[in-house]
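Now for the letters of each chain:
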Amino acid sequence: MYRPDHYAIHEYLPKSEYTRLGSTNRAWRKMDERILIIDDCVRKVIGVPAYCNTYGLSKLPSFLPHHRTESGLRVVGCKYYSPDSMHSFGRASDTVSEFIAPVQMIRTFIQLALETDTFDGFGTIGIEVGVNWFHKDLRNQKPNFLDRFYLFKKSGVITQDDLNYYEKLFLK
Ligand SMILES: [Zn+2]
C-alpha cells in the first residue's frame with residue numbers, strides 16, 4: 001500500500017466517497033498505487049505545491065476559479081463520470097500547480113520515466129494533451145509515444161504531426 005507524502009486522500013476521492021470512507025485503508029485502495037507514486041515522484045522533483053482535488057483545503061488556492069472536485073476517482077453520480085474513463089477505476093488523476101505549467105509537469109514526468117527505473121513495469125501510461133492540467137492514466141493499450149506513453153486528446157485523433165510536435169515540446 002502506497003500513501004503519498006504530498007497528497008491527501010481527499011485529493012483523490014470525490015466528496016461522497018471521502019465522506020463515506022475517510023482516510024482509511026479502504027479509501028486509499030480505491031486508487032491504483034501507480035498513480036499515487038507518479039504524482040508523488042513528480043511532485044518531489046518539481047519541488048512546488050501541486051493539487052489534485054482541492055475541496056478539502058480550507059481556502060481555495062488563488063490561481064483556481066473554483067475548487068477541483070473530481071480530479072482523481074470518479075464514481076456514478078459524479079458530474080464527469082464516464083464508464084470508459086480511467087478515472088472511473090482509480091487509474092487516472094489530473095494535477096495542477098500554480099507555480100509550474102502542465103507541460104512542465106509532463107516534461108518532468110517523461111524525463112523521470114525515461115532516465116530512471118521509477119516507473120518501470122507500470123505499463124502504458126496515457127497522457128492527455130491540449131488541456132490545462134496534467135492528466136496521467138494507466139491503460140491496457142499499445143503505446144503511441146516513445147514506446148511507453150499513449151498521447152490522446154478529447155477532440156479528434158492524434159496524428160503523426162501531433163506526435164512530432166509533442167516530442168519536441170516534451171523532450172525540450
Ligand atoms: Zn483526467
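Scroll up to find the structure.
A brief report on the enclosed structure follows. (Residues numbered from 1 in each chain as written. Predicted model: local features only at pLDDT ≥ 70, side-chain atom pairs only at ≥ 80, totals over all residues.)

### Section: the overall build of the protein chain
Move 1: Within the protein chain one finds 5 helices and 4 strands.
Move 2: A compact globule built from 172 residues would reach a C-alpha radius of gyration of about 16 Å, and the protein chain, at 15 Å, matches this within 12%.
Move 3: Buried positions account for 34% of the 172 residues belonging to the protein chain.
Move 4: In the protein chain, the share of contacts with a sequence separation of at least 24, taken over all contacts with a separation of at least 6, comes to 60%. (Helix = DSSP H or I, 4+ residues; strand = E, 2+ residues; numbered from the N terminus. Rg over C-alpha atoms; globule rule 2.2 N^0.38 Å. Buried ≥ 20, exposed ≤ 12 C-beta atoms within 10 Å, placed from the backbone. Contact = placed C-beta atoms within 7 Å.)

### Details of the environment of T69
Move 1: The topology assignment puts T69 in the loop between α3 (33-46) and β1 (92-95).
Move 2: Take T69: there are 18 C-beta atoms within 10 Å of it, and that puts it in the partly exposed class.
Move 3: With 71 residues separating them along the chain, T69 and N140 place their C-alpha atoms 26 Å apart.
Move 4: The contacts of T69, once residues within four sequence positions are left out, are P14, K15, N53 and Y55.

### Topic: α3
Move 1: Compared with the 20 Å implied by 1.5 Å per residue over 14 residues, the 20 Å span of α3 between its first and last C-alpha is a close match.
Move 2: Here the buried face of α3 lies against β1, α4 (102-115) and β3 (134-139).
Move 3: Just downstream of α3, G47 is the residue with a positive phi angle, here 75°. (Expected span 1.5 Å × (residues − 1).)

### Examining the packing of α3 against α4
Move 1: One can describe the packing of α3 onto α4 by two numbers: an axis separation of 10 Å at closest approach and a directional angle of 110°. Classed by the angle they form, the pair α3 and α4 counts as roughly perpendicular. Each of I38, C41, V42, V45 and I46 in α3 lies in contact with α4, whose residues at this interface are M105, T108, F109 and L112.
Move 2: A class-by-class count of the residues in the contact of α3 with α4 yields 8 nonpolar, 1 polar and no charged. (Axes fitted to C-alpha atoms, helices over the stretch in contact; angles between N-to-C directions. Parallel < 35°, antiparallel > 145°, perpendicular 65-115°, else oblique. Nonpolar A, V, L, I, M, F, W, Y, C, P; charged D, E, K, R; others polar.)

### Here we look at unusual backbone geometry
Peptide bonds are, in most cases, trans, and in most cases residues other than glycine have a negative phi.
Move 1: Phi is positive for L146, which is not a glycine, with a value near 50°.
Move 2: For L146, the position within the fold is in the loop between β3 and β4 (149-152).
Move 3: Unlike most non-glycine residues, D147 shows phi in positive territory, near 65°.
Move 4: Topologically, D147 is positioned in the loop between β3 and β4.

### Things to note about the nonpolar core
Move 1: Within the largest apolar cluster, 33 residues are counted, with the highest numbers of intra-cluster contacts made by Y12, I106, F109, I127 and L151.
Move 2: Those residues in contact with I106 that sit more than four places away from it in its chain are I127, F134 and F170. (Core = buried A, V, L, I, M, F, W, Y, C linked by C-beta atoms within 7 Å.)

### As for the sheet that holds β3
Move 1: With mixed pairing, 4 strands are arranged side by side in an open sheet as β1-β3-β2-β4. Strands at the two margins of the open sheet, each flanked by one partner only, are β1 and β4. The average angle at which neighbouring strand axes cross in this sheet is 20°, direction not considered.
Move 2: By the bridge criterion, 4 bridges tie β1 to β3 in an arrangement that is antiparallel. Following the sheet pairing, S93 is matched in β3 by K136. (Pairing = 2+ DSSP bridges.)

### Regarding the pairing of β3
Along any regular strand, the residues point their side chains to alternate faces of the sheet.
Move 1: Of the pairings in the sheet, the one linking strand β2 (residues 124-128) to β3 comprises 4 bridges and is antiparallel in character. Bridge pairing links T124 to R139 in β3.
Move 2: The antiparallel hairpin formed by β2 and β3 contains 5 residues in its connecting segment, where G130 sits at a positive phi of about 80°.

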